Amino acid sequence: MDVFRQDVIVSFGIPLLDMSATVDTQFLNKYKLGANDSVQANKFQSALYDDAVNTYEVTYVAGGAAQNTIRVAQWLLGAPKATTLFGCIGKDKFGDILQGKAEQEGVCVCYERHKELATGRCAVLITDNNRCLCAEFAAAKAYSMNHLQQPENWQHIVQAQILYVTGYFLHSSPDCGKLLAESSGNKEGKKCCFNLSAPYICKEAMDRIKEIFPYIDILFGNEAEVKALGKELQLKNDCNTTQEIVFQVGQLLEKQRGKPCTVVITQGNKSTVLYHDSKLTEYPVVAVPPACIVDTCGAGDAFVGGFLAKLACGADIPECIRCGHYAAGKMIQCQGIQIPKEKADFWT
């Protein structure tokens, strides 16, 4: 599939360099980590990244939710720099690696390079069938308004057909997130898409989310996230099921926008719930054989990447969901989000 211009999809997120290595239990014990922990690194554990590089064979992958989504969309669209990613990284060797990995896959990266903070990293430490995640965000949460408003950077937003912002980004750079939504939402020829990202985001950044409600064309999330959103919005007492919550959220968004909106909520291997044209519909997920499933952690990111790629091509919403399911099904068959070398066969 070919898209013949840059900046079809422009995304803002928290870029991380995923560093994957098979380690021994002594290494985990050294940094007081459990085999299946998922934690944010403390000051003591921040030394493990260089230690892992010096001790083990490390595989590097461009990571972070928005970056995963944009990498999948780029793979599906095919044309170089059809997608663009903004975020903040450090002026260090890990930042150079991160930028190189993303650019190798055809993504146009517009990183702000922080002079003091290190590039955000996530160590993926594998022992047998276990996987420990230890993340250090550092520069990843320091994106600035100054970088966004530089004319050469703002031009990407002007040109974008689809603007995609994650809840993680809105939480860490709220003023930037609000400006982006205001500049792209309700604009002819543009779609402003927002991902709830995590249940805690719905609680900690609820006021910020409400501020951008009027500008959201498409809202993404999963079952746990939309339930957290419903709780914070204090929806009707009889609104208990995921389907009921999605419907009420869709109605609320439309009321605030004064025009139709779309809400897309994934539920793992259960049907995806869609609110569109003031109606609720469910779309079954195409099952992947259990023996083929390796890692489901990035399934939601991959789904959105597939959805946005089809949306950029002018497809209707059901076809976008079908492509989302296809992308998620592909990515859960490998460790992390690993972009295949071959072109996507969804278009054939």
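Every chain's residues receive numbers from 1 upward, in the order its sequence appears when written. The predicted origin of the model limits local features to residues at a pLDDT of at least 70 and limits the giving and counting of side-chain atom pairs to 80 or more, whereas totals for whole chains, interfaces and linings rest on all residues. The side-chain figures draw on all heavy atoms in the structure; neither hydrogens nor water molecules are used.

### Quick notes on the overall build of the protein chain
Alright, step 1. Check the secondary structure of the protein chain and you find 14 helices and 14 strands.
Alright, step 2. To get the radius of gyration, use the C-alpha atoms; to get the globule rule, take the number of residues to the power 0.38 and multiply by 2.2 Å. In terms of overall size, the protein chain behaves like a compact globule, its C-alpha atoms giving a radius of gyration of 19 Å where 348 residues would be expected to give roughly 20 Å.
Alright, step 3. Across its three principal axes, the protein chain shows a C-alpha extent of roughly 55 × 45 × 45 Å.
Alright, step 4. For the exposure calls, accessible area comes from a 1.4 Å probe over protein chains only, and a residue counts as buried if that area is under 20% of its type's maximum, exposed if over 50%, partly exposed in between. Residues counted as buried form 55% of the 348 residues belonging to the protein chain.
Alright, step 5. Here the analysis covers contacts within the protein chain between residues at least 6 apart in sequence; of these, 72% occur between residues at least 24 apart. The helix count covers DSSP runs of H or I at least four residues long, the strand count covers runs of E at least two residues long, and both are numbered beginning at the N terminus. In this description, contact between two residues means that some pair of their heavy atoms is separated by no more than 4.5 Å.

### Regarding the pairing of strand β7 (residues 121-127)
Alright, step 1. For β7, a buried count of 7 out of 7 residues is recorded, marking the element as mostly surrounded by other parts of the structure.
Alright, step 2. What you see with β7 is no split at all: Arg121, Ala123, Leu125 and Thr127 on one side and Cys122, Val124 and Ile126 on the other are buried throughout.
Alright, step 3. As judged from the 6 bridges shared by strand β2 (residues 16-22) and β7, these two strands associate in the parallel manner. Bridge pairing in β7 links Leu17 to Arg121.
Alright, step 4. Strands qualify as paired when DSSP identifies two bridges or more between them. As paired strands, β7 and strand β8 (residues 130-136) are joined by 7 bridges and run antiparallel to one another. By the bridge assignment, Leu125 is partnered in β8 with Cys132.
Alright, step 5. Linking β7 back to β8 in an antiparallel pair, the connection comprises 2 residues, with Asp128 at a positive phi of about 55°.

### Notes on empty space enclosed by the protein
Alright, step 1. With a 1 Å grid laid over protein atoms only, a set of points is called a cavity when a 1.4 Å probe fits there but cannot get out and a pocket when it is open yet has protein on both sides within 12 Å along at least five of seven lines; lining residues have an atom within 4 Å of a point. Grid points are joined across faces, edges and corners, and a volume is the space filled by probe spheres set on the points. In total, this model carries 1 cavity of 30 Å³ or more according to the counting rule given.
Alright, step 2. Empty space within the largest cavity amounts to approximately 30 Å³.
Alright, step 3. Breaking the lining of the largest cavity down by element, the ones donating at least two residues are α8 (174-184) and β10 (191-195).
Alright, step 4. With 3 residues, the top contributor of residues to the lining of the largest cavity is β10.
Alright, step 5. Looking at the lining of the largest cavity, its residues break down into 7 nonpolar, 1 polar and no charged. In this classification, Asp, Glu, Lys and Arg are treated as charged, Ala, Val, Leu, Ile, Met, Phe, Trp, Tyr, Cys and Pro as nonpolar, and every other residue, Gly included, as polar.

### Considering the nonpolar core
Alright, step 1. Grouped together as the largest cluster of nonpolar side chains are 71 residues, with contacts concentrated most on Ile9, Leu76, Phe220, Phe307, Leu308 and Leu311.
Alright, step 2. When residues in this core are grouped by element, the largest group, 9 residues, is from helix α13 (residues 299-312).
Alright, step 3. Those residues in contact with Phe307 that sit more than four places away from it in its chain are Ile218, Phe220, Val264, Ile317, Cys320, Ile321, Cys323 and Gly324. We define the nonpolar core as a collection of buried residues of types Ala, Val, Leu, Ile, Met, Phe, Trp, Tyr and Cys that are connected through side-chain atoms lying within 4.5 Å of one another.

### Things to note about the packing of aromatic side chains
Alright, step 1. Centres within 6.5 Å are what make two rings of Phe, Tyr or Trp a pair, Trp counting through its six-membered ring; a difference in plane orientation under 30 degrees is then read as stacked, over 60 as edge-to-face, and the rest as tilted. Following the criterion strictly, the structure yields 13 aromatic pairs and no others.
Alright, step 2. Geometrically, the ring pair formed by Trp75 and Tyr326 is stacked, given 6.3 Å between the ring centres and 10° between the ring planes. In this pair, Trp75 sits in helix α3 (residues 65-77) while Tyr326 sits in helix α14 (residues 317-331), placing the two residues 251 residues apart along the sequence. Take Trp75 and Tyr326: they sit in the same class, and that class is buried.
Alright, step 3. Centroid distance Tyr164 to Phe220: 6.3 Å. Interplanar angle 75°. Geometry classified as edge-to-face. Remark: Phe220 occurs in strand β11 (residues 218-222) and Tyr164 occurs in strand β9 (residues 162-166); sequence separation between them is 56 residues.
Alright, step 4. On the basis of relative accessible area, Tyr164 is assigned to the buried category, the value being 1%.
Alright, step 5. Phe220 gets classed as buried once you look at its relative accessible area, which sits at 1%.
Alright, step 6. Grouped by ring-pair contacts, the aromatic residues Phe12, Phe86, Tyr143 and Phe169 constitute a single cluster.

### Some remarks on the sheet that holds β11
Alright, step 1. The strand order across the open sheet formed by 9 strands is β6-β5-β1-β9-β10-β11-β12-β13-β14, and the pairing between neighbours is mixed. Edge strands, defined here as strands with exactly one partner in the open sheet, are β6 (108-114) and β14 (279-283). Averaged over neighbouring strand pairs, the angle between their axes works out to 20° when direction is ignored.
Alright, step 2. Of the pairings in the sheet, the one linking strand β1 (residues 9-12) to strand β5 (residues 83-90) comprises 4 bridges and is parallel in character. If you follow Val10 over to β5, its bridge partner there is Thr84.
Alright, step 3. Fitting a line to C-alpha atoms yields each axis, with helices limited to the stretch in contact; the angle taken between N-to-C directions then spans 0 to 180 degrees. Along the sheet, helix α6 (residues 151-159) makes contact with β1, β5 and β6, crossing β5 at roughly 145°.
Alright, step 4. Of the strands in this sheet, β1, β9, β10, β11, β12 (262-267) and β13 (270-276) are in contact with α13, which crosses β11 at around 160°.

### Considering the side chain of Asp295
Alright, step 1. Along the chain, Asp295 turns up in the loop between β14 and α13.
Alright, step 2. Of the residues examined, Asp295 reaches a relative accessible area of 8% and is grouped as buried.
Alright, step 3. The term polar contact refers here to a pair of N or O atoms within 3.5 Å; inside protein, the definition further demands a hydrogen-donor-capable atom paired with an acceptor-capable atom, and it admits residues adjacent in sequence only when both atoms are side-chain atoms. There is a polar contact of 2.6 Å between the side chain of Asp295 and the side chain of Arg131.
Alright, step 4. Here Gly336 takes part through its backbone nitrogen, which lies 3.0 Å from a polar atom of the side chain of Asp295.
Alright, step 5. The contact partners of Asp295, leaving out residues within four places of it in the chain, are Arg131, Met331, Ile332, Cys334, Gln335 and Gly336.

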